Amino acid sequence: MNYTAEQVLALSPNPGNAKRGKSLATLAKWGNLGEDEHAIWGECKGSGKKPYYAGIDKNGPAFKCSCPSREFPCKHGIGLFLLFISQQDQFGSHTQPDWIQAWLEKRAATVERKQQKQQDRTPEQIAKSDAAK
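Residues numbered from 1 in each chain as written. Predicted model: local features only at pLDDT ≥ 70, side-chain atom pairs only at ≥ 80, totals over all residues. Heavy atoms only, no water.

## Structural notes on the sheet that holds strand 4 (residues 62–65)
Consideration 1: Read from one edge of the open sheet, five strands run 4-3-2-1-5, paired in mixed fashion. Since the sheet does not close on itself, it has two edges, and those belong to strand 4 and strand 5 (92–93), each with one partner.
Consideration 2: Where strand 3 (residues 52–57) and strand 4 come together, four bridges link them in antiparallel fashion. By the bridge assignment for strand 4, Asp57 is matched with Ala62. (Pairing = 2+ DSSP bridges. Helix = DSSP H or I, 4+ residues; strand = E, 2+ residues; numbered from the N terminus.)

This is the structure in structure tokens:
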């Protein structure tokens, strides 16, 4: 994944979210940082007892976070991504946590279902869909 900070900030749904994400791109806010060939993950300290679990699927990028935000990517996803591109050496290669593994498996199953649905379409269905476009 070769992204610049500007490209990561451009993924943000709005400037305020990008600014808040930028403020989270510091090691002091994160724990249990990890990376493998499929994903990036970490735990961000929030105002509550439990940290927010944030992850990034490298094949998207696609974002996952346990925070209640309705913005995607949320500030935690932006912060994690910015931290990763600036301090990748802090993300050791680890075994994926269960929550990342479950999320990636669910994403893969969804992609597989969509591909199968596309393959199962009849020529009439394809023509009808193309005509609707």
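Here the narrative resumes, following the displayed structure.
## Focus on the environment of Lys64
Consideration 1: Within the secondary structure, Lys64 sits in strand 4.
Consideration 2: Given the relative accessible area of 36%, Lys64 is considered partly exposed.
Consideration 3: As a C-alpha pair, Lys64 and Arg107 span 43 residues in sequence and 11 Å in three-dimensional space.
Consideration 4: When neighbours within four sequence positions are excluded, Lys64 is seen to be in contact with Tyr53, Ala54, Gly55, Trp99 and Trp103. (Buried < 20%, exposed > 50% of the residue type's maximum accessible area, 1.4 Å probe, protein only. Contact = heavy atoms within 4.5 Å.)

## Comments concerning the nonpolar core
Consideration 1: Ranked by internal contacts, the top residues of the largest apolar core, which has 19 residues, are Trp30, Leu33, Ile40, Ile56, Leu80 and Phe91.
Consideration 2: For this core, the elements supplying multiple residues, two or more each, are strand 1 (30–35), strand 2 (39–44), strand 3, strand 4 and helix 3 (75–86).
Consideration 3: Counting residues per element, this core draws most heavily on helix 3, which supplies six residues.
Consideration 4: Not counting the four nearest positions on each side in its chain, Phe91 is found in contact with Leu33, Gly34, Glu35, Ile40, Trp41, Leu80, Leu83 and Phe84. (Core = buried A, V, L, I, M, F, W, Y, C linked by side-chain atoms within 4.5 Å.)

## Description of the pairing of strand 1
Consideration 1: Of the strand pairs in this sheet, strand 1 and strand 2 are connected by four bridges, and their pairing is antiparallel. Opposite Gly31, over in strand 2, you have Glu43 as the bridge partner.
Consideration 2: Between strand 1 and strand 2, which pair antiparallel one after the other, the connecting turn spans three residues.
Consideration 3: Of the pairings in the sheet, the one linking strand 1 to strand 5 comprises two bridges and is parallel in character.

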